[in-house]
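Chain by chain, the residues run as shown.
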Amino acid sequence: MSHRRRFRRLVPGLVTIVVAASMFFAVRSSVAVAGGDEAAAAYAFKEMQIAMPPGYDSRPMRTIRDVNPAYQKIRAWISSVGASIALNDVTGHGRADGMCIVDTRTDSVVVTYTPTAPEADRFTPFVLDGEPLPMDDTMAPTGCTPGDFNGDGRNDFLITYWGRTPVLFMAKAGAGAPSPEAYVPREVVPSQSIDGRYHGPRWNTDAAYVADLDGSGHPSIIIGNYFPDSDVLDPHGIRNVEMNDSLSSAKNAGGDHVLRYHSSTTGDDPEVAFVEEKDAIPFDASTGWTLAISGADLTGSGLPEVYIANDFGHGHLLHNVSTPGRIRFTEATGERTPTTPKSFVLGKGSFKGMGVDFGDVDGNGSFDMMVSNITVAWGLEESNFLWINKARSQDEAATKLAAGVAPFTQEAADNGVAWTGWGWDAKMGDFLNSGDQNILQAVGFVKGNIDRWPWLQEMAMTNDNLLSNPAMWPNVGPGDDLAGDEPMAFYARTASGKYANITKQLGLDVPIPTRGIATADTTGRGALDFAIARQWGPPAFYANQAPDLGNHLTLNLVRPSEGATPGQGLAGTGSPAYGATVTITTPDGKQVGQLDGGGGHGGFRSFEVRFGLGDYTGPVTADFTWRDADGGLHKKTRQLTAGSHTLMLTDDLQEVTAR
């Protein structure tokens, strides 16, 4: 064969290599969005010390977990989640300056105040202890979701775990201040013990979502479990554990449980009861390796649609077709065009869903979604998802969702947020009150000093039939590193309209893996602060010190509380109006926001509904949709001025004085 003929036969392969290489460098060049330095100049944050319980820093601090013997060789991988953080009103004083922290170093749930809290809101920080409920060393907390689960106007705490079902710490009516004695622990899933030991299901929970799912006027819960029910954290447990059975479509996990509110009592011995709705989610959408859940009302029905972000496979958008006392969802998936990659079709993707949040990214009065995936350059480079809502109205969204069609397109690359690193929790918020949403991401996986990406990439080529066996996985133990130096991400709009990650310019680039992000206006002055939970590291709080904040509209939306007098003890002005959605209109356009009851992965924002108004000082037209305490659907329009307002929602809405 002549050299010329040989060369001709090599041409197709050479062309493929050249095209692939050019595409790679074109894609990677798009990560460095121009204008980041200019955008960063408008922001400023100050890290402030978080108060911990007395003697806490002298407690033994761990960096890895004890695990089931079958997981020993990958114990650093198994130890890679669990850190959580939340910001909300803990004292009932009307300011979101309380914190709940899950610290993996001690497996403790810490309740404290923010560094910005005034003296009247400060208390001795403490640890929530589940006793006398059965607890043991094979359990570890993984999340803390604040909320009012019995409608008495007091803040409770929903704690999720690996190794057991959730526990709800309910505030006592007679408690005057937050303390260990101010809360009584209650089983969320009924479980009995006659010997003091735990005999309930061994759930391994990594996500919780709280919302009025059925339009009853009460908060229900979706629990997202990762590993199947098994002895994950028991070093003496039976080898009843497994890993995912696929890297792209795994469905052998603990899956999702829908817990519908049934009844509750108030007082010094409060209780709440939930009923599991086992057929609420279509079965094929309920068995994934869930890492995050969130939701928003896309149709104006007063019921939230729900997105479930699953590791190793498909995420699911669930259309809410519930009625009071009956929770039901149907699944909606995206439509594929000839130019759409399969993984960019909502509900059909093979990426590693790790976090999700809803927000109005393009400022047109409809909810979009940000989903975190693994996007590590030269490691596992998928893409984050920025799902842009293309429905022209809520009615159109309702029609499409009812037909099983998700009206979203994937536009992360076009907006500059496609590639971050090993992503986890995502949260949106307007940190300049400009009317534009920032996007924050928790990032990083296992911190060590030996790069194990080659081993992980080799595993990615393994036959799926072998993956569920932990023995087939590469070693990931103490000292091994997978994306361990990646800092959190802070995305801001640039002059071009694209987002740029400005975390380095803001001094937020701490090389410790992060998991959860919480946001709140902790001072009541209209400035959004945030806190982050670190995996095997101390949590951090960042106070917003931007030099030139725009005007804001901050709404505290409440319903009348039961069995409480506002202003006494831990009772606030009312109970949060779960599911309330607000659309505002100004000369600059529309924005939409909601009272988020708690969702995502490991981080939970406060209950305020916030809008940035920029330089605008005129009246704001606000359209409200909400359910009253009896489940009645209401829609009203009001003219509001810039600033903070507390509104009582019944069959009407009325401004009231905050506590």
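This report concerns the structure included in the present document. The shown structure was predicted, so the numbers you read here are calculated from the model rather than taken from an experiment.

1. Examining the overall build of the chain
A tally of regular secondary structure across the chain gives seven helices and 40 strands. Against the globule reference of 26 Å for 659 residues, the chain gives a C-alpha radius of gyration of 24 Å, in line with a compact fold. The principal-axis extent of the C-alpha atoms belonging to the chain is close to 95 × 65 × 50 Å. Within the chain, the fraction of its 659 residues that count as buried is 61%. Partitioning the intrachain contacts of the chain with sequence separation of at least 6 by distance along the chain shows that 65% fall at a separation of at least 24. As presented, the chain carries roughly 24500 Å² of accessible surface, and 51% of it is formed by carbon and sulfur atoms.

2. Quick look at the sheet that holds strand S2 (residues 84-88)
Picture the strands of a sheet paired through backbone hydrogen bonds; they go either parallel or antiparallel. Ordered in space as S5-S4-S3-S2-S35, the five strands form an open sheet in which the pairing is mixed. Of all the strands in the sheet, the pair left with one neighbour each is strand S5 (126-127) and strand S35 (603-604). Of the pairings in the sheet, the one linking S2 to S35 comprises two bridges and is parallel in character. Bridging from a neighbouring strand, Ile 85 pairs with Gly 603 of S35.

3. A few points about the state of the cysteines
Inspection of every chain in the model, using the stated rule, returns one disulfide. A sulfur-sulfur separation of 1.9 Å characterises the disulfide bridge that pairs Cys 100 with Cys 144. Disulfide Cys 100-Cys 144: torsion about the S-S bond near 100 degrees, hence right-handed. Of this pair, Cys 100 sits in strand S3 (residues 98-103) while Cys 144 is found in strand S6 (residues 140-147), placing the two residues 44 residues apart along the sequence. Across this residue pair, the class does not change: Cys 100 and Cys 144 are buried.

4. Considering empty space enclosed by the protein
Under the definition given, this model contains five cavities of 30 Å³ or more. A volume near 360 Å³ is recorded for the largest cavity. The wall of the largest cavity is formed by 25 residues, among which Met 428, Gly 429, Gln 437, Arg 605 and Arg 610 lie closest to the centre. At the level of secondary structure, the elements contributing two or more residues to the lining of the largest cavity comprise strand S18 (355-359), strand S22 (423-429), strand S28 (514-520), strand S34 (589-594) and strand S36 (609-614). For the lining of the largest cavity, the residue count by class is eight nonpolar, 11 polar and six charged. Every residue lining the second largest cavity is counted, 15 residues in all, and those nearest its centre are Tyr 209, Pro 304, Gly 579, Gln 594 and Leu 595.

5. Focus: the side chain of Asn 204
Among the structural elements, Asn 204 can be located in the loop between strand S9 (183-187) and strand S10 (205-211). Asn 204 sits in the buried class, given a relative accessible area of 1%. Separated by 3.3 Å, the side chain of Asn 204 and the backbone nitrogen of Gly 163 make a polar contact. Setting aside anything within four residues of it in sequence, one finds Asn 204 in contact with Tyr 161, Trp 162, Gly 163, Asn 225, Tyr 226, Phe 227, Pro 228, Asp 229, Ser 230 and Val 232.

6. Some points on the pairing of strand S33 (residues 581-586)
The element S33 is extensively covered by neighbouring structure, given that five of its six residues are classed as buried. Both S33 and S34 contribute to a ladder of six bridges, which runs antiparallel. If you follow Thr 586 over to S34, its bridge partner there is Gly 589. Here S33 pairs with strand S37 (residues 620-627) via five bridges, running antiparallel. Across the sheet, Thr 583 pairs through a bridge with Asp 623, a residue of S37.

7. Digging into the packing of aromatic side chains
A complete count under the given rule lists 30 aromatic pairs for this structure. Ring plane angle 45 degrees and centroid distance 5.4 Å describe the contact between Tyr 71 and Phe 227, whose orientation is recorded as tilted. Residue Tyr 71 is located in the loop between strand S1 (45-48) and helix H3 (75-78), and its partner Phe 227 is located in the loop between strand S11 (220-225) and strand S12 (255-265); the two are separated by 156 residues in the primary sequence. With respect to class, Tyr 71 is no different from Phe 227; both count as buried. With centroids separated by 6.2 Å and ring planes inclined at 80 degrees, the aromatic side chains of Trp 77 and Trp 422 adopt a geometry described as edge-to-face. Highlighted residues: Trp 77 in helix H3 and Trp 422 in the loop between helix H5 (412-415) and S22, separated in sequence by 345 residues. In terms of burial, Trp 77 and Trp 422 fall into one category: buried. Taken together, the ring pairs in this structure connect Tyr 43, Phe 45, Phe 431, Phe 490, Phe 530 and Tyr 542 into an aromatic cluster. The positively charged end of Arg 164 is found above the aromatic ring belonging to Tyr 161, 5.9 Å away from the centroid. The lysine or arginine in question, Arg 452, covers the ring of Trp 455, its NZ or CZ lying 3.9 Å from the ring centre.

8. Topic: the environment of Trp 378
With respect to the helices and strands, Trp 378 occurs in the loop between strand S19 (368-372) and strand S20 (385-389). Sequence spacing of Trp 378 and Asn 389 is 11 residues, and the spatial spacing of their C-alpha atoms is 31 Å.

9. Describing the sheet that holds S1
Taken in spatial order, the four strands of this open sheet run S1-S30-S29-S28, and their pairing is antiparallel. Strands with a single pairing partner mark the edges of an open sheet, and in this sheet they are S1 and S28. Each adjacent strand pair in this sheet contributes to an overall mean axis angle of 25 degrees, direction not counted. Both S28 and strand S29 (residues 529-534) contribute to a ladder of six bridges, which runs antiparallel.

Rules used throughout
- Residues numbered from 1 in each chain as written.
- Predicted model: local features only at pLDDT ≥ 70, side-chain atom pairs only at ≥ 80, totals over all residues.
- Heavy atoms only, no water.
- Helix = DSSP H or I, 4+ residues; strand = E, 2+ residues; numbered from the N terminus.
- Rg over C-alpha atoms; globule rule 2.2 N^0.38 Å.
- Buried < 20%, exposed > 50% of the residue type's maximum accessible area, 1.4 Å probe, protein only.
- Contact = heavy atoms within 4.5 Å.
- Areas by Shrake-Rupley, 256 points an atom, 1.4 Å probe, with all protein chains shown as cover.
- Pairing = 2+ DSSP bridges.
- Disulfide = S-S within 2.5 Å.
- 1 Å grid on protein atoms, 1.4 Å probe; cavity = no way out; pocket = protein on both sides within 12 Å on 5 of 7 lines; lining within 4 Å.
- Points joined across faces, edges and corners; volume = space filled by probe spheres on them.
- Nonpolar A, V, L, I, M, F, W, Y, C, P; charged D, E, K, R; others polar.
- Polar contact = N/O pair within 3.5 Å; in protein donor to acceptor, adjacent residues only side chain to side chain.
- Phe/Tyr/Trp six-rings, centres within 6.5 Å; stacked < 30°, edge-to-face > 60°.
- Lys NZ or Arg CZ within 6 Å of the ring centre and 35° of its normal.
- Axes fitted to C-alpha atoms, helices over the stretch in contact; angles between N-to-C directions.

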